[in-house]
Every structure is written in structure tokens, then in C-alpha cells.
Amino acid sequence: MSIRVRFAPSPTGNLHLGTARAALFNWLFARRTGGTLILRIEDTDMKRSETAFEASILQGLEWLGIDYDEGPDKPGSTGPYRQSERMVDGAYNSVAQALIASGHAYRCFCTPEELDAERAHADASSRPYVYSQKCAKLTADERNARLAAGTTHTIRFMIPATAGIIAFDDIIRGHLEFDSQLLGDFVMIKSDGSPSYNFAVVVDDIHMQISHVIRGEDHISNTPRQILVYQALDKAIPLFAHLPMILGPDRSKLSKRHGATNVIDYKAEGYLGTAMVNYLALLGWSPPDEKEIRSVAEISDLFELERVNKSGAIFDLKKLRWMNAQYIRQFSADALLAQIIPVLSPAISSGFLAHSPATQLAMIQLVHDNFELVPEVNIALKVFFLNDTEYKSMLDAFTFSAEDRLVAQAFLNQVSTATTFDDAVVAQLLETVKTETGFGTGKVFKPLRKICSGYESGPHISTVISLLGAECIQDRLKRFLSA
RNA sequence: GCCCCCAUCGUCUAACGGUUAGGACACCAGAUUUUCAUUCUGGCAAUCGGGGUUCGAUUCCCCGUGGGGGUACCA
């Protein structure tokens, strides 16, 4: 039996972190086993589905580096891969008709009001609600009369009275059992003719020859219903693996009130897809050794569903940030340069790009380890691109002593005599100031850092000074001394 | 209410029934760095509670507690 897995987002929003993680685990499993990964768009909810969301989901997957073998934009032998298109083809309806014919399903004419009343009654008597099967008991004449009258109706799956306990072995959770009598005849085809989730999923998974269903824990309770549909259709039941949930800091299902839940938001914030995917893989799965930072290629070589754990995991932004920083530090200066150019702020961009490639690289190298999110490079680089008013107000925030002015004067003298002005030269000039004034490093470096850069901390000051250039430094020193 | 799932440091997690219960993030301290950061070293910190089974339970079983999910003509 060949391994075929799928992940099936519904385009009712952008790519959610939980969905992305499910997609990733399907991807890892497919790559590890040499199986086929299918992307299926579950857009049966016409009211909430939007094509823009589908595009956004595709973008998110691309950013994470999750590709697939068959999908809407990658035709395969089991398409189409949008449920809306399969619906037009009549895929669901023909199966529903077959189930009616075989006595596994029936038409239900109950109105929403009637169903609400049933539910309210069950609640009032504090009994679990299951549909009354009222319409299953209709005579052929009653049924035909309503059909002839054009009464809108749904098609319900009939839970067999003999179904008893439904059991399956979850790859992650082990043996699971459910009492079929608590299930209730569920709607397969809605009154507008579209299939409901529990039905569409099974019809599609059969059609697409899915061997392993890997999805979130929130689908566990749907599984027995789906198994019953497989049985009614006399089809092989796939293997199931239910992934633990991704939780917010309060341990409830991750949702918008916890912050960004869409992966593309993280892209916009400056996280790297490679870091995100690495982090997500570690949420619920762990490698057999203790190495955490590793590429998806490496992870897919190691991945085993059996090593996925059962408990929900809180999404820890701090660790993601740390991991992102690790990935940024792995970049060569050239690679980092390519990453940062698109995110340069207007205040930095033109000034930075005006420098020679060599200077750009020198600046990047200098701040390489100073930021965790890509756009934070703007903060790190700011020291080189302060405008006059910014510089002045920062300088005004400091207080200086007479000794500081002495140091400034001594340094100005040195700078004025310098013919070249690279890193090494500046370092030498600073040493000379130390010997001339007789002051220690602290007394020399600290005031000069403030006067020359406007900051009291930052990267190596001799490099900052050399990159700022002799002209700028002389100007600042003169203005400081004449103030 | 009913059904189901889950339970190791604050967080993510490791541990054939036998380990001083390991690693990572965070936090704290020290070292390096002219400063901040990086880096390095060290430290703090956990088996939810109660019963069993066993020579021996984090590990197996039961009960309790806690948390989560589901209970739709959403997916």
C-alpha cells in the first residue's frame, strides 16, 4: 500500500499556526516515508470561504518551505483538489444517493426550529442530545409528499443501531473507543446541497486514496463518525494520527486574543521561515538526540510519528525569537545583506544603499549579532544614519565633564592629522589619545562613543567611527567643543 | 450536562520498570568584551494527589483533581 497523506485547510482565514504545524507534520511524514502529500482545499462553506485566503495559505506554505505533490495548482490523478469543484462534479451527491439506496442514509425535513426544540428538550432533561430520527421513520408516502411539495431537506447518515463500540488505534494515542449510540445521525448533505465536513472528508479521502490521516486533536471526536461512513461504503479505513494542540499562554486553544496566529504575520514581523519551521517541528516532536537547531531536511530524515507526544504545547514566542536569532547569526554577511535590504526603513535605506558594497558589508558585519528579528536591523544600523536633530537631542541627554572635553579635543587633534581613516587607524588614534591624556580606556572610550555616535552603547566604537568617516567625526567633535 | 483526550522544571521536552530525573528557552550569577549585545562557564527549577501491581515505579492499573477538545445544516 502506498503512503498518501493530505492536509486540508479551509480558506476561511490565513494560514493558522495550528494548521501550518499539521501541514508540516504531514510533510515530514511524507518526505520521511517517500509518500505523496496532497493539498486539498476544503471550501464547502461558501459563506466564509474566500479565494484571497486560499492564495494567502499557499503563500504561507511557500514561506515555510512546505511543498506538496498534488494540489489545486499541481494536478494529479485524484483531482480536482477543491471541494467546491468536486461538488460541481457531483462527487458528494452521488455517494449520498448511494447511501440512501443502501439504507445508510435518509432525507430529513426537520426545520432548524424543530431541531432547536429537540436540543432544548434534551438540555432541559440534562440528557445528551442525539437527533430523534423522526424523519427516518417517515413512510414512503409522507416522504414523497414533502419531496413533491419541494420542502427543503438535508440528508442524514444513519448511525447503525448495531454499531456498538467503535474503536481505532491512533498512531500517536493508541487504542481509542467510542459509544456509537451517543453519536446521533449527522447531516451529510446540507439543505443547500453542499456536503458537510464529516462526509466530504471521507468521500475525498477515499477518492484521493489517503492512507494516513494526520490532523489536529480537535478531530478525534469526529473520527468515529467518519469510520462509520467508511464502513457503510465498504471502504478501507485509513490510519489515524491525532496531533496535540498548540496552546496560548493560558493553555486554551491558540486564538487571536493570544496575539498573532497567522504564519504570514510572523513573516511580516521579521521571522525567518526556516526558523519558524524548526520551532514548529519541536512543538510536539523531539529528535532522538538533543540537537534542536536543524534544517527541515535533517528533521525529515529523523521524523517519526511514534515520537510525537500527546499533550498540548504552549506557543513560546521567546524561544521562537531566540531560534530566529540563531538562524540570523548563521547567515554569511552576503546572505544577511540580501535578507535585510528589503526591510530597510525609509530613514536608513537611501543612506545605506548610497554606500559602497564593501561599506555595506562592513556595517552588516558589525551589527550581525545584535538583533533577533530581521527588521530590527534598522535599530542596529540607526547609529550610522542619525540626522542632525536626532543626533543633537541624543547628545543633549548626556552630561559631560571637563575631562571629557579634554579627551574630545585630543581626539580631534588626532583625527585632523590622520591621512587615512580605517578601523585600524582609528584604533591607533584612540590609543594615542590614551597616552597623551594619561587616561584609562573607560575615560577615553565612553565620552568619545557618546560624542561621536550619540549612543552610550553599541558595536565596536573604533569601527563605528571609521565607518562614520573623518568628516562627520570632525564636525561632531568641533560642534561639541564649541558648544 | 454528556463524550473524549491529556498531565515531568515557569515554558518546550528526554528518560527498554532500575539515571545523582537529562537537554533547550527564560531567569540569576561569573568570565570575556572599552560599553550594550554576542559567546563561554556555573546556578535556580519538575515527575498533580491518593491508592494499588512490583524487589523496585516518571514509566503499568484504578480513583480523584486539574487542564484541554468535542458536543452545529463550521471545518
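Residues numbered from 1 in each chain as written. Chains lettered and ligands numbered in written order. Predicted model: local features only at pLDDT ≥ 70, side-chain atom pairs only at ≥ 80, totals over all residues. Heavy atoms only, no water.

Before going further, it helps to examine unusual backbone geometry. Between Gly79 and Pro80 the backbone carries a cis peptide bond, its omega angle lying at -5°. Along the polypeptide, Pro80 turns up in the loop between α2 (51–64) and α3 (83–88). Residue Gln209 is not a glycine yet carries a positive backbone phi of 55°. Mapped onto the elements of the fold, Gln209 is located in the loop between α7 (197–207) and β8 (212–216). Its identity is not glycine, yet Asp234 carries a phi of approximately 60°, on the positive side. As for its placement among the helices and strands, Asp234 is situated in the loop between α8 (223–233) and β9 (239–243). (Helix = DSSP H or I, 4+ residues; strand = E, 2+ residues; numbered from the N terminus.)

In an α-helix there are 3.6 residues to a turn, and that puts residues three or four apart on one side. Between its first and last C-alpha atoms helix α20 (residues 441–453) spans 17 Å; for 13 residues at 1.5 Å apiece the expected length is 18 Å, and the two agree. Along α20, the residues that are buried comprise Val444, Pro447, Leu448, Arg449, Lys450, Ile451, Cys452 and Ser453. On the buried face of α20, the contacting elements are α17 (388–396), α18 (402–417), α19 (423–437), α21 (461–468) and α22 (470–482). (Expected span 1.5 Å × (residues − 1). Buried < 20%, exposed > 50% of the residue type's maximum accessible area, 1.4 Å probe, protein only. Contact = heavy atoms within 4.5 Å.)

What follows deals with the packing of aromatic side chains. The full count for this structure, using the stated rule, is twelve aromatic pairs. Geometrically, the ring pair formed by Phe25 and Phe303 is edge-to-face, given 5.3 Å between the ring centres and 70° between the ring planes. Of the two residues, Phe25 is situated in helix α1 (residues 17–33) and Phe303 in the loop between α11 (296–302) and β11 (313–314); the sequence distance between them amounts to 278 residues. Classification of Phe25 as buried rests on a relative accessible area of 0%. (Phe/Tyr/Trp six-rings, centres within 6.5 Å; stacked < 30°, edge-to-face > 60°.)

Here the domain parsing of chain A yields domain 1 (256–330) and domain 2 (333–482). Relative to domain 2, the C-alpha centre of domain 1 lies at a distance of 37 Å. If you look at the interface, domain 1 gives ten residues, while domain 2 gives ten residues. Taken over both partners, the interface formed by domain 1 and domain 2 buries close to 910 Å², and the fraction arising from carbon and sulfur atoms is 54%. Area buried by domain 1 at its contact with domain 2 is led by Arg321, Ile328 and Arg329, which between them contribute 62% of it. Taken together, domain 1 and domain 2 are joined by two salt bridges. A salt bridge links Arg321 to Glu376, with the shortest nitrogen-to-oxygen separation between them at 2.5 Å. Put simply, domain 1 and domain 2 have six residue pairs in polar contact (both at pLDDT 80 or more) between them. For the side of domain 1 that touches domain 2, the leading source of residues is helix α12 (residues 317–330), giving six residues. (Domains from an automatic or database assignment. Buried area = accessible area lost by both parts, 1.4 Å probe. Salt bridge = Lys/Arg side-chain N within 4 Å of Asp/Glu carboxyl O. Polar contact = N/O pair within 3.5 Å; in protein donor to acceptor, adjacent residues only side chain to side chain.)

A few words now on the protein's contact with RNA strand B. Not every one of the 61 residues close to RNA strand B is listed here, only the nearest: Arg173, Lys190, Glu292, Phe445 and Gly458. In RNA strand B, atoms within 4 Å of the protein come from the sugar-phosphate backbone in 72% of cases. Cys110 places a polar main-chain atom, nitrogen or oxygen, 3.3 Å from a base nitrogen of RNA strand B. At a separation of 2.4 Å, a base nitrogen of RNA strand B approaches a polar backbone atom of Gly458. Elements with a minimum of two residues in the surface near RNA strand B: α5 (112–124), β4 (154–157), β6 (174–179), β11, α12 and α20. Per element, the largest residue contribution to the surface near RNA strand B is five residues, and it comes from α12. Its residues placed into classes, the surface near RNA strand B shows 19 nonpolar, 20 polar and 22 charged. (Near = heavy atom within 4 Å. Nonpolar A, V, L, I, M, F, W, Y, C, P; charged D, E, K, R; others polar.)

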